[in-house]
Amino acid sequence: MTLARLAARHGVATAYSPSAGVTVPVPDATVVAVLGALGVDAATPEAVAAALAAAERSDRERLLPPTLVRWRGAEPARPPADLPPGTRLRVTTEDGALVTGPDWERLPPGVHAVEAEAPDGRAATATLIVSPTRVPGPGRRAYGLLVQLYSLLSTRSWGMGDLGDLRELVTWAGRTHGAGFVQVNPLHAGVPGAPGDPSPYRPSSRRFPDPVHLRIEAIPEYALVGPERREELDLILAEAADLRERVLGKGAAIDRDAVWEVKRRALELVVGSVEPGPGRRADFHDFLAARGRALEDHATYQALAERHGHHWRTWPEELRAPRTAEAVVRDDPALAARVDFHCRLAWLTDRQLADAAAAAREAGMEVGIVHDLAVGVHPEGSDAWAQQEAFAAGMSVGAPPDAFNSRGQDWGLPPWRPDALAATGYAPYRGLLRELLRHAGALRIDHVMGLFRLWWVPEGHEPTEGTYVRYDAEAMLAVLVLEAHRAGALVIGEDLGTVEPGVREELAARGVFGTSVLWFERDWAGTGLPLPPAEWRAACVATATTHDLPPTAARLAGDHVTLRHRLGLLPGDLERERASDAAETAEWLGLFQRLGLLPEGPGGEEAEIRAVHRFLLDTPARMVGVWLPDAVGDRRPQNLPGTWDEYPNWRLPLADADGQPITLERLAASPRAHALLRELHARTAAQEVSTATSDARVAARDARTAPPGARSD
């Protein structure tokens, strides 16, 4: 019982509920290990008693918690009510203004510093986060495209989709088809070295983008390469063309490692042989100054990984921490040059991200580019090296056993320590969000439930032997809302799967959109039948599928059942699973027909896919997402959970209904894609007109006529 009390004080669960009415106890060994990762010794009963006594004593003596949250526009902002009478307070705002005393109502939104001094001599400092109450929302309803950028090759790509392709896609989708947004996979920096992990959801750093996405020819210095290096550059271009042909013409999977090898050599040639002009150089220096130590650490890790490999825990002792590594870099000119090179790549990538965002705005997109935030980082990557104190050593994020996976999941991602975040005023989290939101019209957060709690699995344990660790959700949300407001960006939470009660409601209250996937939207508490469109939530992105699910063509035909059976992933009998899947699909198609959304009748794949999206537009969802492969009939999932080498996860190019890779240029000329997107545009525009007319009628009805002679203000 004492261990349970100690665990509760640190947000560590000693039991969890996988389903209603079921409670599963957490092994004591797990609780002890997790507490140890939080710096709390609970190995013996005596240690537990001592730790509990220390925690209670700290609570009694503490004047302020490390981080305070106040919501601007809600209840009046006041200091903590339990401060001793006569405590003197001083707030230094992030702009440097001083506010003394207990009147906090006029504090601006931001991250401020609080100093408190009690009459008994106790003193404390804390971070005060003052946040607006809600994330900004879209001005009008929008539909958009969901795409894995690497999969969208053009005739100019070097073997995988790049930021030049993204710029072309948003321009075409916005100008030709009135799309309001394009959502991409995480563009985070991948772990260096080959063979690399192709998953964009297990990055080296979430703070900085990966230069593998650069369009080399769009770098201004590229055109200035001198004739003495032109032949070398032409040879590199020939290799790039071969990579593109392998994927588009010969059916090869996307080889990210090969693409990076060719791009790295091109970048070394361009950056090494052409000095930026004065204006570009000044821009680079401003970028360095704004990114500060975070970029320096990331570039240092990249340079060290080139020399020693990415397993930083095996590096020479003096290189295993950023501050001691600085001295080594200063004394090694070759290493310092590589650090500068990687800083330049971060700058070049940032500028192409900015160009793509500007193109989306110029194309008239309501939202723009939706960037994606992965749930964590690789344990041997840049962020884990640079921010070691913020991560829980010996722990991995995963998921508990459930009806779909009786063994649970271990994602191999080290979790943030909630105590370390609070102690720094959530600085690592704030810095991460600020970087990601720089060029985002919206930010999608993978596994958004992680703002509330995460399933921690101790190293060497099975996922079934993990437990939940709770985070300060109010602080996590306050930082998110604040940074989204600064950027003028929306926030979309991926809230699929098991969600504890109250989480969706709290997210909605803060303006965070959810994610609703058609096949999962049923009346689970009642009939179990497909949920009628009017009963869907409005604050969400409604879509037919995601990167972890089959494309709609495969779902309608039952191809995904056959694929899972072939790979040994189907738990039941093949025929029984096919029959069950076909029955579910028939229920949806029947609903579409009853609603008049399938006038062509069932049996035609293109018509059924259009009916799916007509249905999505009939829901109140403020954003409707079209999985780009659905526009051309691609049948292959981009990722098949539970597989590794058995399936080419994260390596498939966009393909047509026959499985033939299709370029961005062919996509833009596809009659099938045009038919779907043209209808989506027309229906969205018609609904906007209808909504505007309705709003005008309401405004007229509610108008008040001033009496004759009244003065107009």
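Residues numbered from 1 in each chain as written. Predicted model: local features only at pLDDT ≥ 70, side-chain atom pairs only at ≥ 80, totals over all residues. Heavy atoms only, no water.

**A word on the pattern of salt bridges**
Turning to step 1, where the next piece is worked out: Considering all chains together, one arrives at 53 salt bridges under this definition.
Turning to step 2, where the next piece is worked out: Salt-bridge contacts for Asp59 lead to Arg9; the nearest nitrogen and oxygen are separated by 1.8 Å. Residue Asp59 is found in helix H3 (residues 45-61), and its partner Arg9 is found in helix H1 (residues 2-9); the two are separated by 50 residues along the sequence.
Turning to step 3, where the next piece is worked out: Relative accessible area serves as the criterion here: at 38%, Asp59 is assigned to the partly exposed category.
Turning to step 4, where the next piece is worked out: Overall, the relative accessible area of 37% leaves Arg9 in the partly exposed class.
Turning to step 5, where the next piece is worked out: For Arg522, the salt bridge goes to Glu587, with nearest N and O atoms at 2.7 Å. Of the two residues, Arg522 sits in the loop between strand E19 (514-517) and strand E20 (540-543) while Glu587 sits in helix H17 (residues 574-594), which places them 65 residues apart along the sequence. (Salt bridge = Lys/Arg side-chain N within 4 Å of Asp/Glu carboxyl O. Helix = DSSP H or I, 4+ residues; strand = E, 2+ residues; numbered from the N terminus. Buried < 20%, exposed > 50% of the residue type's maximum accessible area, 1.4 Å probe, protein only.)

**A short note on the confidence of the model for the chain**
Turning to step 1, where the next piece is worked out: Scored by pLDDT, the chain comes out at a mean of 93, with 96% of its residues at no less than 70.
Turning to step 2, where the next piece is worked out: In this model residues 692-713 is a low-confidence stretch, pLDDT under 50, and it forms zero contacts with partners more than four residues away in sequence or in other chains. (pLDDT = per-residue confidence, 0-100. Contact = heavy atoms within 4.5 Å.)

**As for the sheet that holds strand E21 (residues 623-627)**
Hydrogen bonds between backbone atoms are what pair the strands of a sheet, whose relative direction is either parallel or antiparallel.
Turning to step 1, where the next piece is worked out: Spatial strand order, E18-E15-E12-E9-E8-E21-E20-E19: eight strands in an open sheet with parallel pairing. Every other strand in the sheet has two partners, leaving strand E18 (490-493) and E19 as the edge strands with one partner each. Between one strand and the next, the sheet's axes are offset by a mean angle of 25 degrees, whatever the strand orientation. (Pairing = 2+ DSSP bridges. Axes fitted to C-alpha atoms, helices over the stretch in contact; angles between N-to-C directions.)

**Quick word on the pairing of strand E11 (residues 205-209)**
Turning to step 1, where the next piece is worked out: With five of five residues buried, E11 is to be regarded as a mostly interior element.
Turning to step 2, where the next piece is worked out: Here two bridges tie strand E10 (residues 188-189) to E11, and the two strands are oriented antiparallel to one another. Bridge pairing in E11 links His188 to Pro209.

**A short note on the nonpolar core**
Turning to step 1, where the next piece is worked out: Core analysis: the biggest nonpolar cluster contains 70 residues, and Tyr426, Tyr429, Trp456 and Leu480 have the highest contact counts within it.
Turning to step 2, where the next piece is worked out: Judged by nonpolar contacts, the second largest core, of 59 residues, contains Leu518, Leu589, Leu598 and Ala631. (Core = buried A, V, L, I, M, F, W, Y, C linked by side-chain atoms within 4.5 Å.)

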